[in-house]
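Remarks on the overall topology
Okay, here's what each chain looks like letter by letter:
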Amino acid sequence: MKHNGRLKVKFDFSFFAVVAFMIFIDTSGAAVLSLIACILHEGGHLLAMAVCGANPERITFYGGGIALSKSGMESLTDAKRLVILSAGCSVNLLVATACFAMQGNDTAAVFGAVNLIICIFNALPIGYFDGAEVLELLLTGFVSLRTAEKVKKIVGTALALIITAGVIVYCVMCGESVSLSLLFVVLFLIQAQLVS
């Protein structure tokens, strides 16, 4: 798909609504650190795309996070596509490692934890997360695209159900109430799987 080479940035109203809500309920400052970690994640994808010769058309900031169009990847080799898909998680993991190396710095420790969580979260083979796209790409080396998509859907649904059940069991067994942020994460996982 050819385009004029200009990267379009789109901000959806839901992005501002979610950011405002998270900042309002978050007293620790982790919401702002999470936003920075998400920007670093997408920056990793952008850098890898530039190195591999793919030109993204747009970045969309929306209530579910930040989405980078990965158009132009169809013509790339599987190895380059794998590099692009894993670049966001790799950046988050590198930042987390660097932050954890700064012992005694509480802000760095929180930022490291946020980056690690975003890395793990995006590596899950659920919905439209990077892990799901990596799983599909790896599967197409052995089975047809249609079969790979079905397997990806089954794995994503099963994992989303297991995580949801795990949260419920944890809350019941420990007598804990579900925090708003944990509920938000579970709902986001379910939504990501249903929309994909």
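Basis of the calculations
Residues numbered from 1 in each chain as written. Predicted model: local features only at pLDDT ≥ 70, side-chain atom pairs only at ≥ 80, totals over all residues. Heavy atoms only, no water. Helix = DSSP H or I, 4+ residues; strand = E, 2+ residues; numbered from the N terminus. Rg over C-alpha atoms; globule rule 2.2 N^0.38 Å. Contact = heavy atoms within 4.5 Å. Areas by Shrake-Rupley, 256 points an atom, 1.4 Å probe, with all protein chains shown as cover. Lys, Arg positive; Asp, Glu negative; His and termini not counted. Charge placed at Lys NZ, Arg CZ, Asp CG, Glu CD. Core = buried A, V, L, I, M, F, W, Y, C linked by side-chain atoms within 4.5 Å. Buried < 20%, exposed > 50% of the residue type's maximum accessible area, 1.4 Å probe, protein only. Axes fitted to C-alpha atoms, helices over the stretch in contact; angles between N-to-C directions. Parallel < 35°, antiparallel > 145°, perpendicular 65-115°, else oblique. Left-handed = near helix turned anticlockwise from the far one by under 90°. Nonpolar A, V, L, I, M, F, W, Y, C, P; charged D, E, K, R; others polar. Pairing = 2+ DSSP bridges. Phe/Tyr/Trp six-rings, centres within 6.5 Å; stacked < 30°, edge-to-face > 60°.

**Considerations on the overall build of the protein chain**
- When helices and strands are counted, the protein chain shows seven helices and three strands.
- Starting at the N terminus, the α and β elements of the protein chain follow one another as β-α-α-β-β-α-α-α-α-α.
- The C-alpha radius of gyration of the protein chain comes to 18 Å, within 12% of the 16 Å expected for a compact globule of 196 residues.
- For the protein chain, the share of sequence-separated contacts (at least 6 apart) that also reach a separation of at least 24 residues comes to 63%.
- Total accessible area on the protein chain is roughly 11,500 Å²; 71% of this is exposed by carbon and sulfur atoms.
- Of the charged side chains in the protein chain, 12 are positive and 12 negative, and the gap between their average positions amounts to 12 Å.

**With respect to the nonpolar core**
- Met49, Ala54, Met73, Leu76 and Ile84 are the most contacted members of the largest nonpolar core, which has 16 residues in total.
- Contributing elements (two or more residues each) for this core: α2 (30-52), β2 (58-62), β3 (65-68), α3 (78-101) and α5 (130-139).
- Contact partners of Met73, with chain neighbours within four places excluded, come to Met49, Ala54, Arg81, Ile84 and Leu85.

**Observations regarding the packing of α3 against helix α4 (residues 106-123)**
- Where α3 contacts α4, the two axes come as close as 8 Å, and the packing angle between them is 155°. The angle between α3 and α4 places the two elements in the roughly antiparallel class. Crossing handedness for the pair α3 and α4: left-handed. From α3, Cys89, Asn92, Leu93, Val95, Ala96, Cys99 and Phe100 reach across to α4, where they touch Ala108, Ala109, Phe111, Gly112, Ala113, Asn115, Leu116, Ile118, Cys119, Asn122 and Ala123.
- The residue makeup of the contact of α3 with α4, split by class, is 14 nonpolar, four polar and no charged.

**Some points on the environment of Cys99**
- Turning to its location among the elements, Cys99 is positioned in helix α3.
- Considered as a pair, Cys99 and Leu187 are 88 residues apart in the sequence and their alpha carbons are 29 Å apart.
- The residues touching Cys99, leaving out its near neighbours within four places in the chain, are Ala108, Phe111 and Gly112.

**Concerning the pairing of β3**
- Two elements, β2 and β3, share four bridges in a ladder whose sense is antiparallel. Within the sheet, the bridge partner assigned to Phe61 lies in β3 and is Ile66.
- Between β2 and β3, which follow one another and run antiparallel, lie two residues.

**Concerning the packing of aromatic side chains**
- By the definition in use, this model includes seven aromatic pairs.
- Between Phe11 and Phe61, the ring centres sit 4.5 Å apart and the planes meet at 15°, which makes this aromatic pair stacked. Remark: Phe61 occurs in strand β2 and Phe11 occurs in strand β1 (residues 8-11); sequence separation between them is 50 residues.
- For Phe11, a relative accessible area of 45% puts it in the partly exposed group.
- Put simply, the rings of Phe11, Phe15, Phe16 and Phe61 pair up and form one aromatic cluster.

**Observations regarding the side chain of Thr60**
- By the secondary structure assignment, Thr60 is in strand β2.
- Apart from the residues within four sequence positions on either side, Thr60 is in contact with Lys10, Gly65, Ile66 and Ala67.

**Digging into the sheet that holds β1**
- A sheet is described by the order of its strands in space; here three strands give the open sequence β1-β2-β3, paired in mixed fashion. Looking along the sheet, the strands with just one partner apiece sit at the ends: β1 and β3. Looking at each pair of strands side by side, their axes are set apart by 15° on average, direction ignored.
- Contacts from α2 reach β2 and β3, with the element oriented near 10° to β3.

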